[in-house]
Amino acid sequence: ERWTVLARTTGAPDSLRMINLGLVPGRDYVAFDFWGKRFLGSFRDTLVAGTVDPAYQVQVVCLRERQTHPQVLATNRHVSCGGVDLERVSWSGEALDGASRVVTGDDYELYLTAPDGWTAESVDAPGAEAVLAAPHDGAVRVTIRGARTGLLAWRVQYRRQR
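Predicted, not measured: the structure shown is a model, and the values here were computed from it. (Residues numbered from 1 in each chain as written. Predicted model: local features only at pLDDT ≥ 70, side-chain atom pairs only at ≥ 80, totals over all residues. Heavy atoms only, no water.)

Draft legend 1. Region of the structure containing unusual backbone geometry. Phi is positive for Asp 45, close to 75°, though the residue is something other than glycine. Its location among the elements puts Asp 45 in the loop between strand S4 (38-44) and strand S5 (46-48). One non-glycine residue, Cys 81, lies in the positive phi region at around 60°. Within the secondary structure, Cys 81 sits in the loop between strand S7 (72-75) and strand S8 (86-92). For Cys 81, a relative accessible area of 0% translates into the label buried. (Helix = DSSP H or I, 4+ residues; strand = E, 2+ residues; numbered from the N terminus. Buried < 20%, exposed > 50% of the residue type's maximum accessible area, 1.4 Å probe, protein only.)

In C-alpha coordinates form, the structure reads like this:
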(Lines give C-alpha, C1' and ligand atoms only; values in the text may rest on other atoms or scores of the structure.)
Protein backbone atom coordinates (compact mmCIF):
# COMPACT_ATOMS: atom_id res chain seq x y z
CA GLU A 1 0.00 0.00 0.00
CA ARG A 2 1.07 3.56 -0.63
CA TRP A 3 0.22 6.60 1.45
CA THR A 4 1.27 10.19 1.97
CA VAL A 5 2.50 11.75 5.20
CA LEU A 6 2.04 15.50 5.50
CA ALA A 7 3.59 17.67 8.23
CA ARG A 8 2.08 21.10 8.88
CA THR A 9 3.49 23.67 11.28
CA THR A 10 1.76 26.42 13.21
CA GLY A 11 0.49 29.08 10.82
CA ALA A 12 0.00 26.69 7.89
CA PRO A 13 -3.28 26.97 5.95
CA ASP A 14 -6.13 24.93 7.48
CA SER A 15 -7.04 23.43 4.10
CA LEU A 16 -4.94 22.11 1.24
CA ARG A 17 -5.86 21.00 -2.26
CA MET A 18 -5.13 17.32 -2.82
CA ILE A 19 -3.57 18.01 -6.22
CA ASN A 20 -0.99 20.25 -4.50
CA LEU A 21 0.00 17.26 -2.37
CA GLY A 22 0.59 15.10 -5.45
CA LEU A 23 -2.63 13.13 -4.90
CA VAL A 24 -5.00 12.16 -7.69
CA PRO A 25 -7.89 14.62 -8.10
CA GLY A 26 -11.40 13.21 -7.88
CA ARG A 27 -10.47 10.35 -5.55
CA ASP A 28 -11.47 10.00 -1.90
CA TYR A 29 -8.78 9.92 0.77
CA VAL A 30 -8.92 9.20 4.50
CA ALA A 31 -6.86 11.36 6.85
CA PHE A 32 -5.48 10.64 10.33
CA ASP A 33 -3.82 13.10 12.72
CA PHE A 34 -0.83 11.17 14.12
CA TRP A 35 -0.09 13.33 17.19
CA GLY A 36 -3.76 13.94 18.00
CA LYS A 37 -4.56 10.24 17.46
CA ARG A 38 -7.76 11.10 15.65
CA PHE A 39 -9.47 10.36 12.38
CA LEU A 40 -9.99 13.57 10.42
CA GLY A 41 -12.46 12.02 7.98
CA SER A 42 -12.68 11.36 4.28
CA PHE A 43 -11.80 14.07 1.76
CA ARG A 44 -11.99 14.64 -1.98
CA ASP A 45 -10.10 17.44 -3.72
CA THR A 46 -9.45 19.47 -0.52
CA LEU A 47 -8.09 18.35 2.84
CA VAL A 48 -9.48 20.33 5.76
CA ALA A 49 -6.97 19.58 8.51
CA GLY A 50 -8.04 22.21 11.03
CA THR A 51 -5.69 24.17 13.23
CA VAL A 52 -2.34 22.85 14.43
CA ASP A 53 -2.38 21.93 18.12
CA PRO A 54 -0.27 24.57 19.92
CA ALA A 55 1.03 21.92 22.34
CA TYR A 56 2.86 20.21 19.45
CA GLN A 57 3.27 23.13 17.01
CA VAL A 58 3.20 20.53 14.25
CA GLN A 59 0.53 18.28 12.82
CA VAL A 60 1.37 15.03 11.03
CA VAL A 61 -1.43 13.84 8.77
CA CYS A 62 -1.45 10.40 7.14
CA LEU A 63 -3.43 10.27 3.88
CA ARG A 64 -4.50 7.02 2.25
CA GLU A 65 -6.81 6.41 -0.67
CA ARG A 66 -10.17 5.40 0.78
CA GLN A 67 -11.21 1.78 0.30
CA THR A 68 -14.75 0.37 0.26
CA HIS A 69 -13.90 -1.83 3.26
CA PRO A 70 -12.12 -1.22 6.59
CA GLN A 71 -8.47 -0.27 6.23
CA VAL A 72 -5.45 0.85 8.23
CA LEU A 73 -5.26 4.58 8.91
CA ALA A 74 -2.01 4.59 10.91
CA THR A 75 0.00 2.97 13.67
CA ASN A 76 1.53 4.58 16.74
CA ARG A 77 5.07 3.32 16.15
CA HIS A 78 6.44 6.15 14.02
CA VAL A 79 5.34 9.38 12.30
CA SER A 80 5.46 7.45 9.02
CA CYS A 81 2.10 5.95 10.16
CA GLY A 82 3.23 2.39 9.55
CA GLY A 83 6.17 2.85 7.19
CA VAL A 84 8.73 1.31 9.54
CA ASP A 85 6.55 -1.34 11.19
CA LEU A 86 3.80 -2.59 8.85
CA GLU A 87 5.18 -5.55 6.93
CA ARG A 88 1.96 -6.52 5.23
CA VAL A 89 -1.74 -5.72 5.27
CA SER A 90 -4.46 -7.41 3.26
CA TRP A 91 -8.23 -7.54 3.11
CA SER A 92 -9.79 -10.95 2.57
CA GLY A 93 -13.50 -11.66 2.82
CA GLU A 94 -14.48 -9.95 6.05
CA ALA A 95 -11.09 -9.71 7.76
CA LEU A 96 -8.14 -7.35 7.80
CA ASP A 97 -4.93 -9.35 8.17
CA GLY A 98 -1.49 -7.95 8.81
CA ALA A 99 1.95 -8.38 10.27
CA SER A 100 3.80 -5.68 12.18
CA ARG A 101 7.24 -5.23 13.69
CA VAL A 102 6.65 -4.77 17.42
CA VAL A 103 8.88 -4.06 20.43
CA THR A 104 8.79 -5.80 23.81
CA GLY A 105 7.27 -3.63 26.55
CA ASP A 106 5.76 -1.07 24.16
CA ASP A 107 2.03 -1.12 23.44
CA TYR A 108 1.41 -1.20 19.71
CA GLU A 109 -1.65 0.58 18.34
CA LEU A 110 -3.38 0.21 14.99
CA TYR A 111 -5.92 2.81 13.93
CA LEU A 112 -8.48 1.50 11.44
CA THR A 113 -11.38 3.01 9.56
CA ALA A 114 -14.90 2.10 10.71
CA PRO A 115 -16.89 2.65 7.50
CA ASP A 116 -20.68 2.52 7.49
CA GLY A 117 -21.94 -1.02 7.09
CA TRP A 118 -18.96 -2.68 8.81
CA THR A 119 -18.53 -3.70 12.46
CA ALA A 120 -15.22 -4.84 13.95
CA GLU A 121 -16.15 -8.00 15.84
CA SER A 122 -12.87 -9.32 17.21
CA VAL A 123 -9.10 -9.08 17.05
CA ASP A 124 -6.48 -11.79 17.37
CA ALA A 125 -2.71 -11.48 17.68
CA PRO A 126 -1.23 -14.87 18.60
CA GLY A 127 1.48 -14.47 21.26
CA ALA A 128 0.12 -11.17 22.60
CA GLU A 129 -2.96 -9.60 24.16
CA ALA A 130 -5.06 -7.72 21.60
CA VAL A 131 -7.82 -5.32 22.63
CA LEU A 132 -10.41 -3.87 20.30
CA ALA A 133 -11.78 -0.48 21.41
CA ALA A 134 -15.28 0.71 20.59
CA PRO A 135 -15.53 2.78 17.39
CA HIS A 136 -15.02 6.50 17.96
CA ASP A 137 -15.56 9.24 15.36
CA GLY A 138 -15.30 6.84 12.41
CA ALA A 139 -12.22 4.94 13.58
CA VAL A 140 -11.36 1.89 15.67
CA ARG A 141 -8.21 1.47 17.79
CA VAL A 142 -6.58 -1.92 18.31
CA THR A 143 -4.04 -2.13 21.15
CA ILE A 144 -1.57 -5.01 21.23
CA ARG A 145 0.28 -5.64 24.51
CA GLY A 146 2.80 -8.17 25.73
CA ALA A 147 4.31 -9.01 22.38
CA ARG A 148 7.94 -9.94 22.02
CA THR A 149 10.22 -7.96 19.75
CA GLY A 150 9.83 -9.18 16.20
CA LEU A 151 7.18 -9.76 13.57
CA LEU A 152 3.68 -10.24 14.94
CA ALA A 153 0.69 -11.38 12.86
CA TRP A 154 -2.71 -9.88 13.66
CA ARG A 155 -6.24 -10.22 12.34
CA VAL A 156 -9.35 -8.08 12.80
CA GLN A 157 -12.59 -9.89 12.00
CA TYR A 158 -15.52 -7.82 10.72
CA ARG A 159 -19.19 -8.31 10.15
CA ARG A 160 -20.95 -6.61 7.28
CA GLN A 161 -24.45 -5.32 7.94
CA ARG A 162 -26.73 -6.00 5.04
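Draft legend 2. Expanded view of the sheet that holds strand S13 (residues 139-145). If you trace the 4 strands from one edge of the open sheet to the other, you get S7-S10-S13-S12, paired in antiparallel fashion. Because the sheet does not close on itself, it has two edges, and the strands there are S7 and strand S12 (129-132). For this sheet, the mean angle separating the axes of adjacent strands, direction not counted, is 20°. (Pairing = 2+ DSSP bridges. Axes fitted to C-alpha atoms, helices over the stretch in contact; angles between N-to-C directions.)

Draft legend 3. Geometry of the side chain of Ser 100. Looking at the secondary structure, you find Ser 100 in strand S9 (residues 95-102). Engagement of the side chain of Ser 100 in a polar contact is seen with the side chain of Tyr 108, the distance being 2.9 Å. Side chain to side chain, Ser 100 and Trp 154 meet in a polar contact 2.9 Å long. Those residues in contact with Ser 100, other than ones at most four positions away along the chain, are Asp 85, Leu 86, Glu 87, Tyr 108, Gly 150, Leu 151, Leu 152 and Trp 154. (Polar contact = N/O pair within 3.5 Å; in protein donor to acceptor, adjacent residues only side chain to side chain. Contact = heavy atoms within 4.5 Å.)

Draft legend 4. Seen up close, the sheet that holds strand S1 (residues 4-9). Spatial ordering of the open sheet is given by S1-S6-S3-S4, a layout of 4 strands whose pairing is antiparallel. The sheet terminates laterally at S1 and S4, the two strands that pair on one side only. Pairs of neighbouring strands in the sheet enclose a mean axial angle of 25°, with direction left out of account.

Draft legend 5. Examining the state of the cysteines more closely. Applying the stated criterion across every chain, the model contains 1 disulfide. The disulfide partner of Cys 62 is Cys 81, and the S-S distance across this bridge is 1.6 Å. Taken together, the residues Cys 62 in strand S6 (residues 58-65) and Cys 81 in the loop between S7 and S8 connect sequence positions 19 residues apart. (Disulfide = S-S within 2.5 Å.)

None of this, on its own, says anything about what the molecule does.
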